[in-house]
Amino acid sequence: MPSEIIIQCSEAIAAKGWNIAFAESASAGKLSAEFSLTPLSGKVLRGGIVCYEVFVKEQILHVPHTLIEQYTPESEEVTEVLAERTAFIFHSDITVALTGLTTEGGSETAEKPVGTIFLHILTPVGTIKHREVFTGTPEEIVSQAADKTAMLIIEKIE
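Here we summarise the structure given alongside this text. This one's a predicted model, so the numbers in the text were calculated from it and none came from an experiment.

### Structural notes on the overall build of the chain
Within the chain, the secondary structure is distributed over 7 helices and 5 strands. Here the chain has a C-alpha radius of gyration of 14 Å; the compact-globule value for 158 residues is 15 Å, and the two agree. For the chain, the spread of C-alpha atoms along the principal axes amounts to about 40 × 30 × 25 Å. Out of the 158 residues belonging to the chain, those deemed buried represent 51%.

What follows is the structure, encoded as structure tokens:
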């Protein structure tokens, strides 16, 4: 069952007659799944791609290898390109790209600890860039990031 904020976000998108698509790395399809369970999913959800591994980011979404090398796969810069490429593929009104670190063993540093999530959201009324450090288990981090995504979209489009 999706959270109340995700249901509200789906309703807000439907009220505008818009749709939404996702490029999900750290969330591995959670956002797409949550939006698919809302009452208005058929009106708003265009689709999504799970781009967890660097190979998918580079080979399918055409993120330049040099960008990933310079900034890491979990970065504001890579997340922005993921959003742009996904918007092009899906012709979506709203496009969300999410990358981040839910477990140890990635590109975490003191400045970018586990729990760091990067969001880049394209909407017809402007772009949202958001970075936040969430705490908890990997599942809790992803759930908090999903709700934050919905909240940011509602704030932007209403």
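### So, the packing of aromatic side chains
Taken as a whole and assessed by the stated rule, the structure comprises 1 aromatic pair. Considering the side-chain rings of Phe 22 and Phe 35, the 5.3 Å spacing of their centres and the 45° angle between planes classify their relative orientation as tilted. Here the residue Phe 22 occupies a position in strand S1 (residues 20-24), and Phe 35 occupies one in helix H2 (residues 30-36), the gap between them amounting to 13 residues. Accessibility classification places Phe 22 together with Phe 35 in one group, the buried group.

### Examining the sheet that holds strand S3 (residues 94-100)
Spatial strand order, S2-S1-S3-S4-S5: 5 strands in an open sheet with mixed pairing. Each end of this open sheet is capped by a strand with a single partner; those strands are strand S2 (45-50) and strand S5 (126-133). On average, each strand axis in the sheet is inclined to that of its neighbour by 10°, with strand direction left out of account. Of the pairings in the sheet, the one linking S3 to strand S4 (residues 116-123) comprises 6 bridges and is antiparallel in character. Directly across from Thr 95, in S4, lies its bridge partner Leu 122. Strands in contact with helix H7 (residues 138-157) are S1, S3, S4 and S5; relative to S4, the strand with the most contacts, it is inclined by about 30°.

### Focus on the environment of Ser 41
By secondary structure assignment, the location of Ser 41 is in helix H3 (residues 41-44). The spatial distance from the C-alpha of Ser 41 to the C-alpha of Ile 7 is 9.2 Å, given a sequence separation of 34 residues. Look past the residues within four positions of Ser 41 in its chain and what remains in contact with it is Ser 10, Phe 35 and Ser 36.

Criteria and thresholds
Starting from 1, residues in each chain are numbered consecutively following that chain's sequence as written. Reporting of local features is limited, given that this is a predicted model, to residues whose pLDDT is at least 70; pairs of side-chain atoms are given and counted only at 80 or more, and all residues count toward the totals for whole chains, interfaces and linings. Processing note: side-chain calculations cover all non-hydrogen atoms of the structure and skip hydrogens and water entirely. Helix numbering and strand numbering both begin at the N terminus, where a helix is a DSSP run of H or I of at least 4 residues and a strand a DSSP run of E of at least 2. The reference for a compact globule is 2.2 Å times residues^0.38; the radius of gyration itself is calculated from the C-alpha atoms. Here's how the labels work: a residue is buried when its accessible area is under 20% of the maximum for its type, exposed when over 50%, partly exposed in between, all with a 1.4 Å probe on protein chains only. Centre distance within 6.5 Å is the pairing criterion for rings of Phe, Tyr and Trp, where only the six-membered ring of Trp is used; planes under 30 degrees apart are then read as stacked, over 60 as edge-to-face, and the remainder as tilted. Pairing between two strands is assigned when DSSP locates at least 2 bridges connecting them. Orientation is described by axes fitted as lines to C-alpha atoms, over the contacting stretch for helices, and by angles from 0 to 180 degrees between their N-to-C directions. Two residues form a contact once any of their heavy atoms are found within 4.5 Å.

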